[in-house]
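# Analysis of the macromolecular model
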Amino acid sequence: MYELIKKEGRAKRARLKTVHGVIETPVFMNVGTVAAIKGAVSTQDLEEIKTQVELSNTYHLHVRPGDRIIRQLGGLHKFMSWDKPILTDSGGFQVFSLAGLRKIKEEGVYFHSHIDGRKIFMGPEESMQIQSNLASTIAMAFDECPPSKAERGYVQASVDRTARWLARCKEEMKRLNALEDTLNPNQLLFGINQGAVYPDIRIEHAKRISEMELDGYAVGGLAVGETHQEMYNILEEVVPYLPDHKPTYLMGVGTPANILEGVERGIDFFDCVYPTRNGRHGHLYTNHGKINLFNAKYELDDRPIEEGCGCPACRRYSRAYIRHLLKAKEMLGMRLCVLHNLYFYNTMMEEIRAALDENRFAQYKKEKLERMSTHQE
């Protein structure tokens, strides 16, 4: 059940009650593509850094180790030893990212595995079956993510097909949740709005999928080549046409600034690989902007990454030591940087929720962006 607590402008403070616990929103989901956060981060670590939702990838887990194996082992929660909510994407993004390895048909998508080249078919029913085997808390509908600058005719045809696929996803999810041996009979289904940077296509699709009474709605196909301002413009156009009494998820976004702008436009859920990817390369988020620990000026810096930060890295280690680990290619260096960045994101979401609770989000956003712009490397 989605409970809308309060609004400040379009910004929403809400909570989603699920079989695996309550999700306080706005929330940033920590991305663990293959059931693990890159950078040697355990699920015990995720608990320590205040993670609410872990996100895993349907396509990648289907390819390896196989969703049937995970089902035999009790589902994804048991497999990775995580008892809080998990969202699985549908495999639809791989329709975009693996463009050279797939062929799209009305029935679904034919892939060649990026690992061993074997043929894979995934359509709406197969995606729902895989996600049911994984037994995630939230399953995403199968869609195509067209390139943001694709020709209008292509985008319209793609969106129409995605709408037809969504109807098939909903029907199959209903069937799977009713099976006696299903691992999670309360699995939720989120639909995905597409339409590249064409507002009218986006709005019409939003109206269409809103009528389907799903558990939540995502805005997909952004942060794939368009400018940040184009993304914000699309959100301003589309979000008002998605149900206000259901969670809204902006897929694959983004930077701290993107998240603040998204919250202001009514987004509840976010995910992005930025904090983990940047962390593995020594790029760290702080309240005064990003720093690059590979810079020589940190060689003798005995301060934590950020004064006052409560993450496992900042509580114990100096910039100089973590820089040494990164230079020496010791895995601990990557791990500490990833933990810091995820903690920074999760803490920022706590601050956003508190600001919304106290009706001061606009001021918080202004001050946060000003502080983070003071020091950029």
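About the cut-offs
Residues numbered from 1 in each chain as written. Predicted model: local features only at pLDDT ≥ 70, side-chain atom pairs only at ≥ 80, totals over all residues. Heavy atoms only, no water. Axes fitted to C-alpha atoms, helices over the stretch in contact; angles between N-to-C directions. Helix = DSSP H or I, 4+ residues; strand = E, 2+ residues; numbered from the N terminus. Parallel < 35°, antiparallel > 145°, perpendicular 65-115°, else oblique. Left-handed = near helix turned anticlockwise from the far one by under 90°. Contact = heavy atoms within 4.5 Å. Nonpolar A, V, L, I, M, F, W, Y, C, P; charged D, E, K, R; others polar. Pairing = 2+ DSSP bridges. Core = buried A, V, L, I, M, F, W, Y, C linked by side-chain atoms within 4.5 Å. Buried < 20%, exposed > 50% of the residue type's maximum accessible area, 1.4 Å probe, protein only. Polar contact = N/O pair within 3.5 Å; in protein donor to acceptor, adjacent residues only side chain to side chain.

The next point concerns the packing of helix α10 (residues 256-264) against helix α14 (residues 361-372). α14 packs onto α10 with a crossing angle of 165° between their chain directions and a minimal axis gap of 11 Å. Put simply, α10 runs roughly antiparallel to α14. With respect to the hand of their crossing, α10 and α14 are arranged in left-handed fashion. Residues P256, A257, L260, E261, V263 and E264 of α10 form the contact with α14, whose own contacting residues are F361, Y364, K365, K368, L369 and M372. In terms of residue class, the contact of α10 with α14 is made up of eight nonpolar, no polar and four charged.

Reading across the sheet, the three strands line up as β7-β8-β9 and stay open at both edges, with antiparallel pairing between neighbours. Two strands in the sheet have a free side with no partner beyond their single neighbour: β7 (102-104) and β9 (119-122). Across the sheet, the mean angle from the axis of one strand to that of its neighbour is 15°, orientation sign disregarded. Of the pairings in the sheet, the one linking β7 to strand β8 (residues 109-112) comprises three bridges and is antiparallel in character. The residue bridging K103 from the neighbouring strand is Y110, located in β8.

Here we take up the packing of helix α8 (residues 199-210) against helix α9 (residues 228-238). The interhelical angle for the contact between α8 and α9, taken along N-to-C directions, is 40°, at an axis separation of 9 Å. Classified by the interaxial angle, the pair formed by α8 and α9 is oblique. The crossing of α8 and α9 is right-handed. For the pair α8 and α9, contact is made by P199, R202, I203 and A206 and by I234, E237 and V238, respectively.

Let us look at the nonpolar core. Within the largest apolar cluster, 83 residues are counted, with the highest numbers of intra-cluster contacts made by I259, I352 and F361. Ranked by residue count, the leading element in this core is helix α13 (residues 331-357), at 13 residues. Setting aside chain neighbours within four positions, we find I259 in contact with F28, V253, G254, F270, Y345, M348, M349 and I352. Ranked by size, the runner-up nonpolar core spans 19 residues in total, among them I23, I138, A218 and F269.

Our focus in this paragraph is the side chain of E144. Within the element layout of this structure, E144 appears in the loop between β10 (138-140) and α7 (152-177). What makes E144 buried here is its relative accessible area of 1%. For E144, the side chain forms a polar contact with the side chain of Y154, separated by 2.4 Å. Among the polar contacts made by the side chain of E144, one reaches the side chain of S158 at a distance of 2.8 Å.

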